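Summary of structural features
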Amino acid sequence: MLKILRYSFFDLMRSRWSYVYFAFYLLLGVILLFLNNDLSKAVITLMNVIIVLVPLIGTIFGVMYYYNSQEFTELLLAQPIKRASIFLGQYLGVALSLSMSLILGLGIPFVFYGLFESSAVWDFSLLLITGVFLTLIFTALAFNIALSNENKIKGFGYAILLWLFLAVIYDGLFLMTLILFEDYPLDKLSLFGTMLNPIDLSRTLILLKLDISALLGYTGAVFKQFFGTSFGLIVSFFMLTVWVILPVGRIINKSKKKDF
Amino acid sequence: MKSITVFFIAIFIANISIAQTIEVCSTCPVSTLKEAITQSKDFDTIIVEKGSYKEHAIVVDKPLTIIGKNYPVIDGEKKGEIITITADNVTVDGLFIINVGTSYTEDYAAIRVKNSKNFVIQNLVLEKLFFGIYIEKSRNGKVYHNKIIGDAVEEYNSGNGIQLWYSKNVEIEHNYVEHVRDGIYLEFSDDCLIKNNISTLNVRYGLHFMFSNDDTYQDNTFENNGAGVAVMFSKRIKMYNNLFKENWGTASYGMLLKEINDAEIIGNIFEDNTIGINIEGSNRINYRHNSFSNNGWAIKVKGACYANNFTENNFLYNSFDIAYNSNVNDNVFDKNYWSNYTGYDLDKNGIGDVPYRPVKLFSYIVNRTPETIILLRSMFIDIIDFSEKVSPVFTPDNLLDKNPQIKRITW
């Protein structure tokens, strides 16, 4: 598995797309800092970018890589290697190279700008951690989609739809539900709804840092316990881990049974 | 007439020349403060040496100066009120007063000033108290450099740090108040000056005005209180250069304004509060040169607020800048800096070319269904906010800052 991981990783490192991705984040970081002159404001803007763009790039890239390397995968399948290690190796190769582009691309300008001396260092590292989690989750989801669809067009379609649903439509439905049932106590429901969507989950995680004073304005014991203590942070991280494990598990399962 | 004046001056000088000093210590002939007061004559000085004195219900009924050396402890043993001042021209300085009695029927205080003029209360340390310094129906006094540390947990069985009731012209400066109900409380008290105090960790308000007019408070710090400052039913209050910080919670405000008219709020800093300023039924108030940063809501307007002016303030990284609960607006927002402003300035005059709408649709939704706060900063919310910005339906459409500043305002 490690060999395949290494192969996929270096293959991607050599590919143009990784550089484009890396360059994009580098540019974003530099421009944000250049325009803002303020680390904490730049962190807020970055958050908006990360929770929307990272999943999008993760899904598209994952699907693309799977379809592109399909022939090579079939060649590997003919060798005496466990199926799980082939697919896991490829998955981790993609996810890790994407995460590396993200961390380096954003990290370098911020470090040069004096991140370590500023108070934003924790907010920023939280941002990077959630970025990595989102990459892991959405690449895994993309692999799931690609494994289940032989048709490339369909696969891409589903991938984009998945992203659109989780990034935008889900929140719309969520908001409608909350407003429709506003006469009932909703604090548990709203926290539960957040757990079901990794993008919302990472957003909440960042809100905990940035908007804690607004979140504490709501009267609700469950809310207060969740946002007022480290409980919220722990639960969110736990749920993000679950969100990584479930799709990865399905990759393993699916790849075992699939006919090629 | 002249001779009468000379006569009075002569008496006054004579008085001073015969004014003597009485020393109180455990081994002295006079071993209690009460005894010293009964033995003293007008305008005497009583010096209390270091030690512990178990006394309560001390009544100062003559113009005396009471000075503690090295903070002698006056221990009330929780039996009731400790010092009551009923005469004019009394100075109390440098005592350490502890264990004030708690009562549900009477407001026992560490020091009560009653119907007095020209009093000075300074350098006291008060601990384990019910009410701290209670000034009633008095005028022209000074309360300086006191430290009041209470242990209040609940509102109903705790008292206020410094309380003024029907008093006038009192100066309250450089005091430190923590862990009481209201740090400083003014009721029916006019023309007072509250300056350079620190009021923190109080159960209810850091500073509280009720039916008090023409007061000024400036350069104070209010941190981590139930709510920073509550100004209610008062007129012409001046609020300058105060710091309101970290007042967090479901009913927490940096400043709560209720039925306030003609006030001036200038140069204050509101940082990390759940709600920076909560305004209800307040008219003709000028907000200028204030800075609101990292609050949940910078300003929450609850209705019946007319002809208020918000000019040249900085709104920095608040979750919500302004929240309205109706779509009627009669207040003016002009020349403020909004960190959430996304417009441009093509003619480079430092003023954004597109007006800024500080009220977002989402703040209206959160007002209606508070749980939706969890969707803050979601992309969907950005989309609906944007559509509301383009054509306002739920938010007041004349509520806009026509001259949003491009750069942060400095003053």
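Preceding block: the structure.
Counting restarts for each chain, with residues numbered from 1 along the sequence as it is written. Chain A is the first chain written and ligand 1 is the first ligand written, with later ones labelled in order. The model is predicted, so local features are restricted to residues of pLDDT at least 70 and side-chain atom pairs to those at 80 or more, both for listing and for counting; the totals for chains, interfaces and linings are taken over all residues.

What follows deals with the overall build of chain B. Strands here mean DSSP runs of E at least two residues long; helices mean DSSP runs of H or I at least four residues long; both are numbered from the N terminus. When helices and strands are counted, chain B shows four helices and 39 strands. With the C-alpha coordinates aligned to their principal axes, the bounding extent of chain B is approximately 85 × 55 × 30 Å. Sorting the 411 residues of chain B into buried and exposed places 45% on the buried side. Counting only contacts in chain B whose residues sit at least 6 apart along the sequence, the fraction spanning at least 24 positions is 46%. Working definition of burial: number of other C-beta atoms within 10 Å of the residue's own, with buried at 20 or more, exposed at 12 or fewer, and partly exposed in between, all C-beta atoms being placed from the backbone. Contacts here follow a simple rule: the backbone-placed C-beta atoms of the two residues must lie within 7 Å.

What chain A contains, in helices and strands, is twelve helices and zero strands. Reading chain A from its N end, one meets helices and strands in the order α-α-α-α-α-α-α-α-α-α-α-α. In this treatment the radius of gyration is a C-alpha quantity, and the globule benchmark scales as 2.2 Å times the residue count to the 0.38 power. For 260 residues, the compact-globule estimate of 2.2 N^0.38 gives 18 Å, and the C-alpha radius of gyration of chain A, at 20 Å, lies within 12% of that figure. Taken over the C-alpha atoms alone, chain A extends approximately 60 × 45 × 30 Å along its principal axes. Out of the 260 residues belonging to chain A, those deemed buried represent 42%. Nonlocal contacts in chain A, meaning residues at least 24 apart in sequence, comprise 83% of its contacts between residues at least 6 apart.

This next bit is on the nonpolar core. By definition, a nonpolar core groups buried Ala, Val, Leu, Ile, Met, Phe, Trp, Tyr and Cys residues that are joined through C-beta atoms within 7 Å. The biggest cluster of nonpolar side chains holds 173 residues, and the ones touching the most others in it are V43(A), Y91(A), A110(B), I111(B), I133(B) and V231(B). Ignoring anything within four residues of it in the chain, the contact list for I111(B) reads I82(B), I83(B), I85(B), V92(B), I121(B) and I133(B).

Every contact between the two is made by 29 residues of chain A and, on the other side, 29 residues of chain B. Considering every element that reaches the side of chain A that touches chain B, the biggest residue donor is helix α7 (residues 152–180) of chain A, with eight residues. Under the scheme applied, nonpolar residues are Ala, Val, Leu, Ile, Met, Phe, Trp, Tyr, Cys and Pro; charged residues are Asp, Glu, Lys and Arg; polar residues are all the others, including Gly. A class-by-class count of the residues in the side of chain A that touches chain B yields 14 nonpolar, nine polar and six charged.

Residues and elements named next belong to chain B. Of note in the backbone geometry, N115 takes a positive phi value of approximately 45° without being a glycine. Phi at N241 is positive, roughly 50°, even though this residue is not glycine. Assignment of secondary structure puts N241 in the loop between β26 (238–240) and β27 (243–245).

This is a description of form; function is not addressed.
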